[in-house]
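# A structural walkthrough
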Amino acid sequence: MESILVTGGCGYIGSHTVLALLEKGYYVYIIDSLLNSKKKVLNKLKGIILKKDQRLVENLKFFKGDIRDKDDIEKIFMHANKNERKIEAVIHFAGLKAVGDSVNNPLAYWETNIGGTINLLKVMHKYSCKNFIFSSSATIYANSKNKLLKEDSPISPINPYGKTKNYIESLLEDMYVSE
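Residues numbered from 1 in each chain as written. Predicted model: local features only at pLDDT ≥ 70, side-chain atom pairs only at ≥ 80, totals over all residues. Heavy atoms only, no water.

On to the nonpolar core, then. Looking at soluble globular proteins, one finds that nonpolar side chains tend to be buried together. Formed by 19 residues in total, the largest nonpolar core has its most connected members in Leu-5, Tyr-29, Phe-77, Ile-87 and Val-90. At the level of secondary structure, the elements contributing two or more residues to this core comprise β2 (27–32), α3 (70–82), β4 (87–92) and α5 (106–126). Residue contacts for Val-90: discarding those within four places in its chain leaves Leu-5, Thr-7, Phe-77, Leu-120, Met-124, Cys-129, Asn-131, Phe-132 and Ile-133. By size, the runner-up hydrophobic cluster in this structure holds 18 residues, among which are Leu-21, Ile-30, Ala-89 and Ile-91. (Core = buried A, V, L, I, M, F, W, Y, C linked by side-chain atoms within 4.5 Å. Buried < 20%, exposed > 50% of the residue type's maximum accessible area, 1.4 Å probe, protein only. Helix = DSSP H or I, 4+ residues; strand = E, 2+ residues; numbered from the N terminus. Contact = heavy atoms within 4.5 Å.)

Here it is, written out as structure tokens:
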């Protein structure tokens, strides 16, 4: 059984992803600071899992931690290796996400979204984990009269949140090319 780390796994999208992964037979690690989410989401998630298949609860491990702290991330990878459940992929949802707040607090967004992602990538590299899914945002695209966006739509974020998502995409492209 493959093991996957979900950052921000107690958020709305993260928790739904965790549930789907468990139902597909994956062992799932969650790291969440609970800054933008609540611990009760984890309890609700466990309640849903128990109703579906009680054994699935054993395939879920939660770590309260912050991606800005590289040691928090490393503890999970060490735990996984020690328990012979090496993390083979990461799905990255963690980060700050409010456009308006990003305009008022840009340093927090750069520190959390960029710095946290860099920490995550460093630990992944150390543990030879090369599978990465990143939750980006439509805010990376330029404003357009046509509300339908495509992958090849012009990229020109207009707020710090969108800029951090765009820079992370660029970083991931650089990482891919370097391999």
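Next comes the rest of the description.
It is worth spelling out the sheet that holds strand β5 (residues 131–134) at this point. Within a sheet, each strand pairs with its neighbour through backbone hydrogen bonds, oriented either parallel or antiparallel. Taken in spatial order, the five strands make up an open sheet running β3-β2-β1-β4-β5, and their pairing is parallel. Each of the sheet's edge strands pairs with one partner strand only, and the pair in question is β3 (60–64) and β5. Taken over all neighbouring pairs, the strand axes of this sheet differ in orientation by 20° on average, direction set aside. Sheet topology note: the strand β1 (residues 3–7)/β4 ladder contains five bridges and is parallel. Paired with Ile-4 across the bridge in β4 is Ala-89. Packed onto the sheet, α3 meets β1, β2, β3 and β4 and runs at close to 165° relative to β2. (Pairing = 2+ DSSP bridges. Axes fitted to C-alpha atoms, helices over the stretch in contact; angles between N-to-C directions.)

A few words now on the layout of surface pockets. Its volume calculated, the largest pocket comes out at about 500 Å³. Asn-36, Phe-93, Ala-94, Gly-95 and Lys-97 are the residues nearest the centre of the largest pocket, which is lined by 25 residues in total. When residues of the lining of the largest pocket are traced back to their parent elements, those giving at least two are α1 (12–23), β2 and α6 (160–178). Examining the composition of the lining of the largest pocket, we find that three residues originate from one element, α1, more than from any other. Volume-wise, the second largest pocket comes out at about 280 Å³. Lining the second largest pocket are Leu-121, Met-124, His-125, Cys-129, Lys-130, Asn-131, Phe-132, Leu-172, Met-175, Tyr-176 and Glu-179. (1 Å grid on protein atoms, 1.4 Å probe; cavity = no way out; pocket = protein on both sides within 12 Å on 5 of 7 lines; lining within 4 Å. Points joined across faces, edges and corners; volume = space filled by probe spheres on them.)

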